[in-house]
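Residue-level listing of the chains:
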Amino acid sequence: MATTSAPLPETAQDTFPINGTDFIEFYVGNARQASLYYRSAFGFELVAYRGPENGTRDRASYLLQQGKVRFVLTTAIRPDLSPDAAYIAEHVHKHGDGVRDLALWVDDAREAYARAIERGAQSVAEPRVLRDDDGEVVIAAIRTYGETIHSLVERRNYRGLFLPGFVPVTPHYQGTPVGLKYVDHCVGNVELGKMNHWVDFYAGVMGFRNLLTFDDKDISTEYSSLMSKVMANGNDRIKFPINEPASGKKKSQIEEYLDFYVGPGVQHMALATDDIVETVSTLRDRGVEFLSIPTSYYDELQGRVGRIDEPVDVLARLGILVDRDPDGYLLQIFTRPVQDRPTVFYEIIQRKGAKSFGKGNFKALFESIEREQALRGNL
Ligand code: FE2
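Reading the values: the criteria
- Residues numbered from 1 in each chain as written.
- Predicted model: local features only at pLDDT ≥ 70, side-chain atom pairs only at ≥ 80, totals over all residues.
- Heavy atoms only, no water.
- Phe/Tyr/Trp six-rings, centres within 6.5 Å; stacked < 30°, edge-to-face > 60°.
- Helix = DSSP H or I, 4+ residues; strand = E, 2+ residues; numbered from the N terminus.
- Buried < 20%, exposed > 50% of the residue type's maximum accessible area, 1.4 Å probe, protein only.
- Lys NZ or Arg CZ within 6 Å of the ring centre and 35° of its normal.
- Expected span 1.5 Å × (residues − 1).
- Arc of directions from axis to C-beta.
- Donors = N, O, S within 2.8 Å, 3.2 Å for Na, K, Ca; no water.
- Contact = heavy atoms within 4.5 Å.

## Regarding the packing of aromatic side chains
For the structure on display, the rule yields 26 aromatic pairs. Centre to centre, the rings of Tyr 202 and Phe 208 are 5.6 Å apart; their planes meet at 20°, and the pair counts as stacked. Ring centres 5.5 Å apart and planes at 15° place the aromatic pair Phe 362 and Phe 366 in the stacked group. A residue pair is termed a helical-turn pair when its members lie 3 or 4 positions apart in one helix, as Phe 362 and Phe 366 do in helix 10 (residues 362–376) at 4 residues. The buried category is assigned to Phe 366, whose relative accessible area is 7%. Connected via pairs of aromatic rings, a cluster forms that spans Phe 26, Tyr 37, Tyr 38, Phe 42, Phe 44, Phe 71 and Tyr 346. The ring centre of Phe 357 lies 5.3 Å from the NZ or CZ of Arg 351, which sits over that ring.

## With respect to helix 2 (residues 83–95)
Between its first and last C-alpha atoms helix 2 spans 18 Å; for 13 residues at 1.5 Å apiece the expected length is 18 Å, and the two agree. Residues of helix 2 that are buried: Ala 85, Ile 88, His 91, Val 92 and His 95. One face of helix 2 carries all of its buried residues, which in axial projection span an arc of 125°. Turned more than 90 degrees from where helix 2 packs its buried face, Pro 83 and His 93 sit exposed.

## Structural notes on the coordination of the iron ion
Ligation of the iron ion by protein atoms is provided by His 185 (NE2), His 268 (NE2) and Glu 347 (OE), these donors lying 2.0 to 2.2 Å from the ion. Between the donor residues of the iron ion, the gaps in sequence give the motif H-x82-H-x78-E. On the criterion of sequence distance, the pair formed by His 185 in strand 10 (residues 180–189) and His 268 in strand 14 (residues 265–273) is long-range, its members being 83 residues apart. You can call His 185 buried: its relative accessible area is 2%. For His 268, a relative accessible area of 8% translates into the label buried.

## Here's the deal with helix 10
In an α-helix, one turn spans 3.6 residues; hence positions three or four apart end up facing the same way. Compared with the 21 Å implied by 1.5 Å per residue over 15 residues, the 21 Å span of helix 10 between its first and last C-alpha is a close match. Inspection of helix 10 places Phe 362, Ala 364, Leu 365, Phe 366, Ser 368, Ile 369, Glu 370, Glu 372 and Gln 373 among the buried residues, and these make up the whole buried set. Next to the buried residues of helix 10 lie strand 11 (209–214), strand 12 (225–232), helix 5 (253–261), helix 7 (296–299), strand 15 (321–325) and strand 16 (328–334). Backbone geometry just after helix 10 places Gly 377 at a positive phi near 80°.

The quantities given are spatial measurements derived from coordinates; they are silent on function.
Here's what the structure looks like:
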């Protein structure tokens, strides 16, 4: 299987420094209920809220946090209250619950925005200053695939919890963390023939480099396949694999996503843990559903990956996958979609040196996805 690491372009250099993922904002149909799901199932803490009770009439947003992972769940209170509320409601109508914003933490939002626009990014929002008693945040936004955006967030002059307008909350029920530490990578699905367009966007506009490429020979099962390129910034804190469908005998899992999300969007977010056995055991106990892997996968595991610290029978019981690369190994598992549409899902990942994305697991993983596609009548 011919996976190639693209040669590092001489010019690969971040257009502007990015310190990490600032937050991920979802537009959802019912943010109050979703916030309870992320607390009770995924162990997030609800730490702040912005809505009608504290001066924002048209929408409600819940800030959930675990480790460095920050999710914002936003819903429209009523579509006719403002153009923004109309847009949020329309987004949910079209896409179902999904990711609107992969927000990036930058040193200087005005500068980052100016450089990005200069290099061809499309503007969503010009830099604006949000202020409260804790200082000011400067925030701008550019668009990426589909209706997804990257907010550029500068918080060097802000001491507050999150963003002006958000009020700290201490809810009656709080989540108990499951050990999620940070966002490892966020994957986008784009239309057939559009992968290289968005690869060029991340290279040309953001100065990212192409870390890895998977072609349809790497990622094909009997029926469906995909192609993928991983784009990363200079410090590797931002990793964005971009997938497009490849032709197979039947419908690619990427096509299924595009049909049901009604266009390109975020397919999955990988959340890192230092103890995947403990994290996944707890998530399962709390009702999170994972893709099932046939027991034959574990018969061949040790021969394929060599010695690992974790007992194979425990991994088999939990359905955790393992892959090795020259730098070490990684453990990973994928949830089923977390809404009724077969769209957004999560990966839980623990890296023990490995810097790759689990290519050795693609076959087992995609066969599992195809079994679920078949059950949905979409294969
Ligand atoms: Fe992934």
